[in-house]
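Analysis of the macromolecular model
Here is what each chain is made of, one letter per residue.
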Amino acid sequence: MAYLPQSEDDIQRMLEAVGVAAVDDLFSHIPPEVRFGGRLNLPASLSEAALQQHMESLAARNTGTDRSVSFLGGGCYDHFIPAVVDFVASRSEFYTSYTPYQPEVSQGNLQALFEYQTLITQLFGMDASNAGLYDGATATAEAVLMAIAAQSGKRKVLIPESLHPEYRQVLRTYTANVDVTISTLATPRGRLEPETVAKQLDAKTACIVIQQPNFFGCVEPVDALIRAAHEAGALAVVVADPISMGVLKRPGDLGADLVAAEGQSLGIPQQWGGPFLGILACREPFLRRMPGRIAGQTTDRNGRRCWVLTLQTREQHIRREKATSNICTNQHLMAVRASVYLALVGPHGLRRVAHLCLNKARYAAKAWTDGTGLRLAFDAPFFKEFVLRAESETEAARLQERALEAGFFAGTALGQWYPELQDAILLAVTEQRNREQIDALAHCFACGRLRSPAPQHAAR
Amino acid sequence: MKNRYATQLLFELSKPGTAEEIFPDCDVPEDPPESFLPKELLAPEPPPLPELSEPEVIRHFINLSQRNMSVDTHFYPLGSCTMKYNPKRNDRAANLPGFVNLHPYQPAATVQGLLECLHTLEGMLAEIAGMDAVTLQPAAGAQGELTALLMAAAYFRDRREHRTNVLIPDAAHGTNPASAAMAGFHAVEVRSDPRGMVDLEDLAAKLDARTAVFMITNPNTLGLFDVNIRRVADMVHAAGGLVYLDGANMNAVLGIVRPGDCGADMMHFNPHKTFSGPHGGGGPGAGPVAVKRHLADFLPVPRILARQGGFALDYDRPKSIGRMRSFYGNIGVLLRAYAYIRTQGAEGLRLVSERAVLNANYLLQRVRHILPVPHGPRCMHEFVASAMKWKAARNVSAMDVAKRLLDYGFHAPTVYFPLIVRDALMVEPTETETKETLDSFAEALFRITEEPEELLHEAPHTTPISRPDEVRAARNPILKWTPNTDSA
């Protein structure tokens, strides 16, 4: 038993006040056929000390990116998290509060959301942002649903293979019972080609989704792609990497209609994939189709500036089945983390981290293809991730296995999503990696190649 | 306590040239981006973010935090939200480096401790639900609803049955009909009877061959246990439909009623409520879904498999609805739920519900003479009072009462929900509050009855701001700061 502050005496007095003899009497109206007569078959309760030991022993059986050198990416990255981010997010007043239903006692959360929305519009060059969604994949699905809802009669959505495979899967799940045709665009050269895309865009196309940089790490010709979409009367949904905004043009400046993004890179720990932050921003005409919470500025009765949740007639608690989405929460604490991160690093810090990623990834790509038998899969420019191909599928798996033994997470095998890329590995290099680590993995790759083939183990 | 750090925005506090140097020098040869990337895609300037020193950032956000009420600082009887104490041991456990620093694409062999923990959590939730299989993937309760409804759609497709309707009681949360619409169903409302239960006649009239799912929240949003649940489930099953239980109110019945035993085919949990994960100001939560055996094939991928030699992720589920989100789920929230259930054990969970129901009934007893509770005199973990009489007699609204409670140092109850009670005030004290706190809340309500109307209409009086003009916010939306934003 824990966290129950009533004494025996309290309980007796409360029961008397209610007018029953025993606590069980409060449940006596529940019909016996649905009462659970037994005792839940759960493990015995643990004291705080025993729980801590138990959790530590479970955690010890994981080897995280703090104990191995991680070159893993694909939508989740080992970026540096300043101490200030953890500190602010651990403030009780943020993390034990809830939805700002009472704005008078929630100004901290509301102002933080208004600041978050502003920071997101600044980051991506968009007109408006909501207060956050679950993750990058669901934000992408919601953006596509917005694009469809905004244009009657257009039910075709173009999705490139260079969009994160899991985002594509989520989009398919979300639209399983919706009248939409999803056409997949092949990207055999690692990115979209505007001329080929232009042929696929037609009057029925609601939108095209472009990930920038894309799942393979390649930089898409997003300017030409957005132009092609607009020429065909379709909307452009850009799935952007927030960190890349330190060096790449903002999607808003290139004409993107909707931006979806995974906010994990902005001060959110990897946590095996969640909780993360879905970012969704739009141009002004789409504002009232936006799902989720939005904070707006107003004044109180004394004329003081303050903030409230606004445009709530879009939302489920008011509109029920006519709402723009069923989403209720906004991953608020993750949005606060992103705000603190952006406020702390500022424009120059963001540019710095982007340059570090870019240069280290470039250096790593060179080091890892020098005498290792590995080669770059695509000749397109890349930002912080890239795809390497080995001489065979077996060789790729063996190199990853060897690297793991040497203490490296050497990327993600792509064969699980791309049958034609069975011999390929996606690797990411963030500002957290140093030259010594990159060189050591290069050495590991080079030595691995010389050795006779070891017995096969599936890496995943 | 007022100072400019709280009332000014980050952008107004910004001072160029003051941001911290956080990142290291480059230890590989450094070239300008134009040597790597196409010039037409390069930004001439970084985004126009604010620039602040670390002390300024901290002072700003800590001052902001102090403009919130929270569970750790105040009684927060926000009905339907289960604002119980969030144990600190759970945070410490979930923040262990061996959990926080895991990448979702690490080899399964390197995350065996986590997989065991999650697999055990699935089993514990299945036991509490009285069901057979669980997915931890959904990111929130609303996404859990959507997951289950998409599964129902796939289930009927698999059986070659064309069913279009989801029946939902009028007392339900707005997420229920919104989820039904998102899953491609038509939402059909079912009335509540005068006692607050599902109206069986209306249900019978609306059940037919088009019915895919009946969604029921039990205990319902009036804080009542629908005693007809078994009969309702039988009626839905007889019409060929599935029963979905919205587990929002599981805090009332842990170890006392199992939805699976009531005939529910599927349900979601809200671990951030029932299992004490913090609410984070509005997420992250999680929305694990438990189902009976006949629906297990449709659960999202991946599933966690326990097999000889360790745990693995299984993607080979041909009937699965697919993925609901990237990666696996809101792990940080799920670890806290695991730690909570391991702390409580079977006895502890039952006591949690007993005390939650005792606290709510005691508070109901203390306030019903002040504010009538139309569906009283008993309740489960929460109750819905009505300010209708105050409104008629003194023109004092539920909102006035809620606002005045803030001045007494209490977060307000949920107001104007559920929609079927006029001038509703929905009160959920939770089990982690003392009798003294409940007494002082009741006393505050009593004192409010004696206060002049004008004082109540103008409440709150002691909070950082007075009532905001919400109409103005919606009519003239200002959704971001710009250099000309009014800083009044």
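Remember, predicted model here, so these are calculated numbers, not experimental data.

A word on the overall build of chain A. Helices and strands together make up the secondary structure of chain A, namely 13 helices and 15 strands. Its C-alpha atoms put chain A at 80 × 55 × 50 Å along the principal axes.

A few words on the overall build of chain B. In terms of helices and strands, chain B carries 17 helices and 12 strands. Here the C-alpha atoms of chain B give a radius of gyration of 25 Å, agreeing with the 23 Å that 2.2 N^0.38 yields for 488 residues. Its C-alpha atoms give chain B principal-axis dimensions of roughly 75 × 70 × 45 Å. Across the 488 residues of chain B, 61% fall into the buried class.

Interface size is commonly expressed as the accessible surface area that is lost when the partners come together. With 170 residues of chain A in contact, the opposing surface of chain B contributes 172 residues. Considering every element that reaches the side of chain A that touches chain B, the biggest residue donor is helix H11 (residues 332-368) of chain A, with 24 residues. Taken together, the residues that form the side of chain A that touches chain B break down as 79 nonpolar, 59 polar and 32 charged.

A few words on the sheet that holds strand E4 (residues 181-185) of chain A. Residues and elements named next belong to chain A. Taking strand neighbours across the sheet as the criterion, the 7 strands line up as E2-E8-E7-E6-E5-E3-E4 in an open arrangement whose pairing is mixed. The open sheet is flanked by strand E2 (128-129) and E4, the only strands paired with a single partner. Summarising the sheet, strand E3 (residues 156-160) and E4 pair through 5 bridges and their orientation is parallel. In the strand pairing of E4, Val157 is matched with Ile182. Packed onto the sheet, helix H9 (residues 222-231) meets strand E5 (205-212) and strand E6 (235-240) and runs at close to 155 degrees relative to E6.

Entries for chain B in the domain assignment read domain 1 (4-65), domain 2 (89-343) and domain 3 (347-472). On a C-alpha basis, the centres of domain 1 of chain B and domain 2 of chain B stand 41 Å from each other.

Residue and element names in this part refer to chain A. We note that the domain assignment places domain 1 (69-77 + 346-450) and domain 2 (83-341) within chain A. The straight-line distance from the C-alpha centre of domain 1 to that of domain 2 is 28 Å. In this assembly, 23 residues from domain 1 lie in contact with 23 residues from domain 2. Elements that contribute at least two residues to the side of domain 1 that touches domain 2 include exactly H11 and strand E12 (385-389). Top contributing element to the side of domain 1 that touches domain 2 by residue count: H11, with 7 residues. Counted by class, the side of domain 1 that touches domain 2 contains 17 nonpolar, 3 polar and 3 charged residues.

Turning to the environment of Ile229 of chain B, a few remarks are in order. Inspection of the secondary structure assignment puts Ile229 of chain B in helix H10 (residues 229-238). On the basis of neighbour count, Ile229 of chain B is assigned to the buried category, with 27 C-beta atoms found within 10 Å. Once you skip the residues sitting within four places of it in the chain, Ile229 of chain B turns out to touch Val34 of chain A together with Asn218, Cys262 and Gly263 of chain B.

All names here are of chain B. One open sheet accounts for 3 strands, arranged E10-E12-E11; its pairing is antiparallel. Each having just a single partner strand, strand E10 (383-386) and strand E11 (414-415) make up the two edges of the open sheet. Here E10 runs beside strand E12 (residues 424-427); their pairing, made up of 4 bridges, is antiparallel. Looking at the pairing, Ala385 lines up with Leu425 of E12. The sheet contacts of helix H14 (residues 398-407) involve E11 and E12, and relative to E12 the element is tilted by about 40 degrees.

On to helix H6 (residues 112-129) of chain B. All names here are of chain B. Across its 18 residues, H6 extends 25 Å between first and last C-alpha, which sits within 8% of the 26 Å expected from 1.5 Å per residue. Among the residues making up H6, those that are buried are Gly113, Leu114, Leu115, Cys117, Leu118, Leu121, Glu122, Met124, Leu125, Ile128 and Ala129. In the stretch just after H6, Gly130 is the one whose phi turns positive, near 70 degrees.

Residue and element names in this part refer to chain B. Turning to H10, its buried residues are Ile229, Val232, Ala233, Met235 and Val236. Projected down its long axis, H10 carries its buried residues within an arc of 160 degrees, all on one side. Of the surrounding elements, those touching the buried residues of H10 are helix H9 (200-206), strand E4 (211-217) and strand E5 (242-246). Among the residues trailing H10, Gly240 stands out with phi positive, at a value near 85 degrees.

A few words on the confidence of the model for chain B. Across chain B, the average pLDDT comes to 96, with 99% of residues at or above 70. On the interface metric, ipTM, the complex scores 0.97, and its pTM is 0.97.

Glancing now at the packing of helix H12 (residues 331-367) of chain B against helix H15 (residues 435-449) of chain B. In a pair of packed helices, the angle between the axes and the distance between the axes together describe the arrangement. All names here are of chain B. At their nearest, the axes of H12 and H15 sit 9 Å apart, and the two run at 25 degrees to each other. Of the possible angle classes, the one that applies to H12 and H15 is roughly parallel. As H12 packs across H15, the resulting crossing turns out to be right-handed. Residues Asn359, Tyr362, Leu363, Arg366 and Val367 of H12 form the contact with H15, whose participating residues are Leu438, Asp439, Phe441, Ala442 and Leu445. Residues belonging to the contact of H12 with H15 are distributed by class as follows: 7 nonpolar, 1 polar and 2 charged.

What counts and how
Residues numbered from 1 in each chain as written. Chains lettered and ligands numbered in written order. Predicted model: local features only at pLDDT ≥ 70, side-chain atom pairs only at ≥ 80, totals over all residues. Helix = DSSP H or I, 4+ residues; strand = E, 2+ residues; numbered from the N terminus. Rg over C-alpha atoms; globule rule 2.2 N^0.38 Å. Buried ≥ 20, exposed ≤ 12 C-beta atoms within 10 Å, placed from the backbone. Contact = placed C-beta atoms within 7 Å. Nonpolar A, V, L, I, M, F, W, Y, C, P; charged D, E, K, R; others polar. Pairing = 2+ DSSP bridges. Axes fitted to C-alpha atoms, helices over the stretch in contact; angles between N-to-C directions. Domains from an automatic or database assignment. Expected span 1.5 Å × (residues − 1). Arc of directions from axis to C-beta. pLDDT = per-residue confidence, 0-100. Parallel < 35°, antiparallel > 145°, perpendicular 65-115°, else oblique. Left-handed = near helix turned anticlockwise from the far one by under 90°.

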